[in-house]
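# Observations on chain architecture
One-letter residues, chain by chain:
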Amino acid sequence: MKSYKNLKEEVWDTNRCSGCGACVAVCPVNNLYFVEESPVKFECDECSCILIPTDMTTEHPISAEFCKTVVYDVPCGSCYDACPRIKKSSITIPKKDGLGNILKAVKAKSLIEIKNAQNGGVVTAILANAFEEGLIDGALVMIDDKFTLEPKSYLSLSKEDVIKAAGSKYLWKGPILKSLKTAVMEKKLKKLAVVGTPCVINAITQIMASDNDLLKPFKNAIRLKIAIFCFETYDYNKMIKKLKSEGIEPWEIRKMDIESGKLKIKLINGDVVEYKLKDLEDLMRSGCKVCGDFTGLTSDISVGNVGSEEGYSTVLIRNKWGEGFFKRAVCNGYLTYDEDVDLEAVKKLSELKKSRVKKQK
């Protein structure tokens, strides 16, 4: 039976961890945690455990040293089986067409008012309609403090909740799937939507493909997977330090976008600060460097700003399930769309991200 030690060997120690938090969420004894949640680690000898400071640059989870598989040889393996980056993962990246399966590609925008919408506000509109109709009973998203930009996992339980959390988050300071255990094991939700970057959606897909009995409550609770186009994410502390060194305070930032190989930071005074992505590599999480999935190939719906003009989002509907959620949002007046979308632009960035992975090998 695999344990977190196998996960450590295959993923953590090889800098492949995405920081999605799937392993932390599904651990039945809460053995795993990120240093951002507790700046100490456990060190055990044969008769006692002590707490010692840990390296704050660690990008993978840490064990609290009471894994029952390791200590008592109790069958589990949930953390290992939930990770999409293990050697025998269920996740595969298409070698030819980097866009994966697409039923329909459109550009769309929300018809409801969303104050902090990222471009078209499509994800928020789909979730708002789903809550309104009772299609979902919860949604895992990210929310941030508008004054500090500090992001955190957020379990939305209503239409108002998802509208409050609108907008893409490019910074990482904790796993989005942290709230998955709360949603499934504590609140007993049965119709969850998960919104996240491709690595997050791949983790959910890995869980749903597993035959591990301990993962069944999680796999049975997922109803919708929405992926956000992602080229890379940045360490929160490193990015804030860089911005402050250049005279930019977090509260001055309205939103961030990645466009044309640049990170564009729009300030509340109307100014735009731009950085070439290649100049921000030191701020990027190590796990991003091994990811070749730009659009979220295993999602039901993928959404991003590449391939559509400002004010719209590009939407890749990947299966009938995703099409149902999208169409219902359109029919109920939450979305409008047309089919004039530039898929070549999306494909270009998808290929660029895949080529970056090849350079790492």
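The structure we're discussing is the one just above.
Since this is a predicted model, take the numbers as computed values, not measurements.

## A word on the packing of aromatic side chains
This structure, assessed with the given rule, holds 6 aromatic pairs. A ring pair is formed by Phe-147 and Trp-251, whose centres lie 6.3 Å apart and whose planes are at 15°; its orientation type is stacked. Separated by 104 residues along the polypeptide, Phe-147 in the loop between β6 (138–144) and β7 (151–156) and Trp-251 in the loop between α10 (236–245) and β12 (253–259) bring together distant segments of the chain. In textbook terms, an aromatic cluster arises when at least three aromatic residues are bridged by ring pairs, as seen for Phe-229, Phe-231 and Phe-294. When the ring centre of Tyr-312 is taken as origin, the NZ or CZ atom of Lys-107, which lies over that ring, is 4.8 Å away. The aromatic ring of Trp-172 is capped on one face by Arg-285, whose charged end is 3.9 Å from the ring centroid.

## Side note on a nonpolar patch on the surface
Residues Val-70, Val-71, Tyr-72 and Val-74 make up a contiguous nonpolar surface patch of roughly 360 Å² in combined accessible area. Summarising the element assignment, Val-70 is placed in helix α3 (residues 68–72). Exposure remark for Val-70: the relative accessible area of 35% places this residue in the partly exposed category.

## Overview of the environment of Arg-285
The topology assignment puts Arg-285 in the loop between β14 (272–276) and β15 (301–304). For Arg-285, a relative accessible area of 1% gives the class buried. Those residues in contact with Arg-285 that sit more than four places away from it in its chain are Cys-17, Ser-18, Gly-19, Glu-59, Trp-172, Thr-233 and Asp-235. Separated by 3.5 Å, the side chain of Arg-285 and the backbone oxygen of Ser-18 make a polar contact.

Calculation notes
- Residues numbered from 1 in each chain as written.
- Predicted model: local features only at pLDDT ≥ 70, side-chain atom pairs only at ≥ 80, totals over all residues.
- Heavy atoms only, no water.
- Phe/Tyr/Trp six-rings, centres within 6.5 Å; stacked < 30°, edge-to-face > 60°.
- Helix = DSSP H or I, 4+ residues; strand = E, 2+ residues; numbered from the N terminus.
- Lys NZ or Arg CZ within 6 Å of the ring centre and 35° of its normal.
- Patch = residues over 30% accessible without salt bridge, like charges linked within 9 Å, V, L, I, M, F, W, Y side chains within 5 Å.
- Areas by Shrake-Rupley, 256 points an atom, 1.4 Å probe, with all protein chains shown as cover.
- Salt bridge = Lys/Arg side-chain N within 4 Å of Asp/Glu carboxyl O.
- Buried < 20%, exposed > 50% of the residue type's maximum accessible area, 1.4 Å probe, protein only.
- Contact = heavy atoms within 4.5 Å.
- Polar contact = N/O pair within 3.5 Å; in protein donor to acceptor, adjacent residues only side chain to side chain.

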